Each structure stands twice: as C-alpha cells, then as structure tokens.
Amino acid sequence: MIQREESLRFYVLGRVQGVGFRRWAIREATALQLTGWVRNRYDGRVEICVKGSDSALKTFMDLCRKGPIFAKVLELDFNVQALDEPPFAEGAFVKVADF
C-alpha cells in the first residue's frame, strides 16, 4: 500500500539554538526518509518544513518534542504563516539560511 505524502511546517520553541538541534533534525529526518528543511529564526526558535508519509511525520514530531540531549523543547507551534518559504530539496532534508 502506497502512503500519501503530507507536509508540515512548524516552529520549535525552547532552548533549541546552539545545542545541535538542526544537525540532529537533519539526521532524524533523513533516517525517516523525510524531505524538507530546517533553519534558526532570529527570535530563538527553530523552523522546520518537512514532507513525507503520515507515519514518518508523526514519528518525527514525537522526536522533535524531545530534541537532542542538550535541547529543552517547550513547545511545537504549528501556527505558521507562509512568508518566506524556501523550496523543498528533492530527496533530501537540509539546513537553510537563518531567517
């Protein structure tokens, strides 16, 4: 059975910059065969735009609620307005320029 791809865009709030969150997110997303991007926001949040199967996205969100060992995730915020969205990288999950 082929799973339909879904996409999500969300912010990660808490102590999530300077703790390896983006590198960790790339590793986890790649392992789950997700595509998309991750970047730091100037207000201290990390922004993630990700695409893949529903089950992989659920697993990735559960992982993001915990984050890497030195992070302290307080919240995932799905109230995101599409203002400046880089395109998806075909077949990859990448880090893009901070915004």
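Report on the accompanying structure. Since the model is a prediction, treat every value here as computed from it, not as a measurement.

Rules used in this analysis
- Residues numbered from 1 in each chain as written.
- Predicted model: local features only at pLDDT ≥ 70, side-chain atom pairs only at ≥ 80, totals over all residues.
- Heavy atoms only, no water.
- Pairing = 2+ DSSP bridges.
- Helix = DSSP H or I, 4+ residues; strand = E, 2+ residues; numbered from the N terminus.
- Axes fitted to C-alpha atoms, helices over the stretch in contact; angles between N-to-C directions.
- Contact = heavy atoms within 4.5 Å.
- Buried < 20%, exposed > 50% of the residue type's maximum accessible area, 1.4 Å probe, protein only.
- Parallel < 35°, antiparallel > 145°, perpendicular 65-115°, else oblique.
- Left-handed = near helix turned anticlockwise from the far one by under 90°.
- Nonpolar A, V, L, I, M, F, W, Y, C, P; charged D, E, K, R; others polar.

A word on the sheet that holds strand β3 (residues 46-53)
Either a parallel or an antiparallel arrangement is found when strands of a sheet pair, and the pairing is made through backbone hydrogen bonds.
Now for step 1: Across the sheet, which stays open at both edges, the five strands sit in the order β4-β1-β3-β2-β5 with mixed pairing between neighbours. Only two strands of the sheet have a single neighbouring strand rather than two, namely β4 (72-77) and β5 (93-95). Between one strand axis and the next, the sheet turns by 25° as a mean value, whatever way the strands run.
Now for step 2: Across three bridges, strand β2 (residues 35-40) lies against β5 in parallel orientation. Across the sheet, residue W37 finds its bridge partner in β5, namely V94.
Now for step 3: Taken strand by strand, helix α1 (residues 21-31) contacts β1 (5-15), β2, β3, β4 and β5, and its axis lies near 170° from that of β5.
Now for step 4: Its contacts with the sheet place helix α2 (residues 54-66) against β1, β3, β4 and β5, and it is angled at close to 155° to β3.

Side note on the environment of N79
Now for step 1: Residue position: N79 is located in the loop between β4 and β5.
Now for step 2: For N79, a relative accessible area of 65% corresponds to the exposed category.
Now for step 3: The sequence separation of N79 and F10 amounts to 69 residues, and the corresponding C-alpha distance is 7.1 Å.

Some thoughts on the packing of α1 against α2
When two helices pack together, their arrangement is given by the angle between their axes and by how far apart the axes lie.
Now for step 1: Relative orientation of the contacting elements α1 and α2 amounts to 155°, with a least axis distance of 11 Å. Looking at the two axes, α1 sits roughly antiparallel to α2. Seen along the crossing, α1 lies across α2 with a hand that is right-handed. Between α1 and α2, the residues in contact are F21, W24, A25, E28 and A29 and F60, L63 and C64, respectively.
Now for step 2: For the contact of α1 with α2, the class distribution of residues is seven nonpolar, no polar and one charged.

This is a description of form; function is not addressed.
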